[in-house]
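# Fold and contact review
The primary structure of each chain is shown beneath.
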Amino acid sequence: MNRRTASVLTTGVALALAASLSACGGDDSGSKKDEGVKGAEPTRSSAEPSPSPSRSEKAAERPKIELPEDLKIAFDWPGTGDTKKDAVYKDTEEFIKSLQMAVTRQKPTDPGFRFYASGEAAANAQAYVQRFVDTNDRVTGSMRYTKPNLKLNDDGTAGFVYCEDQSKAYRKSVKTGKTKLTQGSKDDYVLYNARLRLNNQGVWVTEKLISDAGSALCQP
């Protein structure tokens, strides 16, 4: 989504993270690319419920995620039947959606995304939202997440690689309501590599995130 929006985190900021994660590229941020990846995975969309991963997760007061009607986020990720893996999928979805909620609200410190991110990933997410605040923009259109590759590690962390397609996502002026249409490019397809950790509330929190905009693995 070259100079269009940026879905999750900004590439430039996220590159400072660990090499096993990825983030989304922002245009005015000093990053060269915006993230967005397209792929084709079999199942689930953001509207589908996920099973409760654990007893401890039920105790966590999760923020309510509200997105504008003109922004659709879909997740073509399979339900695995594995409680832990499905929980990682679900919490990653909530992180992505909560970040866009912060952009819509124009709140770089919105508690929604901070519930699902910590450390460097949280700092990068805040910087990502701030870029949209600085230009008085938010995201409109649609984004799709595909081609998930998830591994649970023995140390209580998870490595999660996935693609984002933001070829149909655009910046929209908060002040005027005008959508800033742009031509697509290969950079609309981004590869993300994330590290998550299960916290004491039973939530899989994203700790590290880096992106590779234009990755050949995520091209349509």
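Here the structure is shown first, and the text comes after it.
Residues numbered from 1 in each chain as written. Predicted model: local features only at pLDDT ≥ 70, side-chain atom pairs only at ≥ 80, totals over all residues. Heavy atoms only, no water.

### Considering the environment of Leu 150
- Residue position: Leu 150 is located in strand E2 (residues 137–152).
- Among all residues touching Leu 150, those that are not within four sequence positions of it are Lys 85, Val 88, Tyr 89, Ala 158, Gly 159 and Phe 160. (Helix = DSSP H or I, 4+ residues; strand = E, 2+ residues; numbered from the N terminus. Contact = heavy atoms within 4.5 Å.)

### Quick look at the packing of helix H3 (residues 83–105) against helix H5 (residues 119–135)
- Direction vectors running N to C along H3 and H5 enclose 35°, while the axes themselves pass 9 Å from each other. Crossing of H3 against H5: the hand is right-handed. Two secondary-structure elements touch here, H3 through Phe 95, Leu 99, Gln 100, Ala 102 and Val 103 and H5 through Ala 125, Tyr 128, Val 129 and Phe 132.
- Of the residues in the contact of H3 with H5, the class split is eight nonpolar, one polar and no charged. (Axes fitted to C-alpha atoms, helices over the stretch in contact; angles between N-to-C directions. Left-handed = near helix turned anticlockwise from the far one by under 90°. Nonpolar A, V, L, I, M, F, W, Y, C, P; charged D, E, K, R; others polar.)

### Thoughts on the pairing of strand E6 (residues 204–213)
- Of all 10 residues that make up E6, nine are buried, and the element is covered over most of its length.
- Pairing geometry for strand E5 (residues 189–198) and E6, over nine bridges, is antiparallel. Opposite Ala 194, over in E6, you have Leu 209 as the bridge partner.
- Counted along the chain from E5 to the antiparallel partner E6, the turn is five residues long, and its residue Gly 202 has a positive phi close to 85°. (Buried < 20%, exposed > 50% of the residue type's maximum accessible area, 1.4 Å probe, protein only. Pairing = 2+ DSSP bridges.)

### What about the pattern of salt bridges?
- A full pass over the atoms with the stated rule returns 14 salt bridges.
- Here Arg 138 and Asp 70 are joined by a salt bridge, their closest N and O atoms 2.8 Å apart. Here the residue Arg 138 occupies a position in strand E2, and Asp 70 occupies one in the loop between helix H2 (55–59) and strand E1 (71–75), the gap between them amounting to 68 residues.
- With a relative accessible area of 25%, Asp 70 lands in the partly exposed category. (Salt bridge = Lys/Arg side-chain N within 4 Å of Asp/Glu carboxyl O.)

### Thoughts on the state of the cysteines
- This model, assessed by the stated rule, comprises one disulfide.
- Residue pairing for Cys 163: its cysteine sulfur links by disulfide to Cys 218, the two sulfurs lying 1.9 Å apart. Here the disulfide of Cys 163 and Cys 218 is left-handed, its torsion about the S-S bond being about -75°. Of this pair, Cys 163 sits in strand E3 (residues 157–173) while Cys 218 sits in the segment after E6, and the two are 55 residues apart along the sequence.
- Of the residues examined, Cys 163 reaches a relative accessible area of 2% and is grouped as buried.
- With relative accessibility at 0%, the residue Cys 218 sits in the buried group. (Disulfide = S-S within 2.5 Å.)

### Comments concerning H3
- Along its 23 residues, H3 runs 32 Å from first to last C-alpha, staying within 8% of the 33 Å computed at 1.5 Å per residue.
- H3 sits mainly inside the fold: 18 of its 23 residues count as buried.
- Between the side-chain oxygen at the start of H3 and the backbone nitrogen of Lys 84 there is a gap of 3.0 Å, and the oxygen is on Asp 82.
- In the stretch just after H3, Gln 106 is the one whose phi turns positive, near 60°. (Expected span 1.5 Å × (residues − 1). Polar contact = N/O pair within 3.5 Å; in protein donor to acceptor, adjacent residues only side chain to side chain.)

### Some details on the nonpolar core
- Judged by nonpolar contacts, the single largest core of 40 residues is most densely connected at Trp 77, Tyr 145, Phe 160 and Tyr 162.
- For this core, the elements supplying multiple residues, two or more each, are E1, H3, H5, E2, E3, E5 and E6. (Core = buried A, V, L, I, M, F, W, Y, C linked by side-chain atoms within 4.5 Å.)

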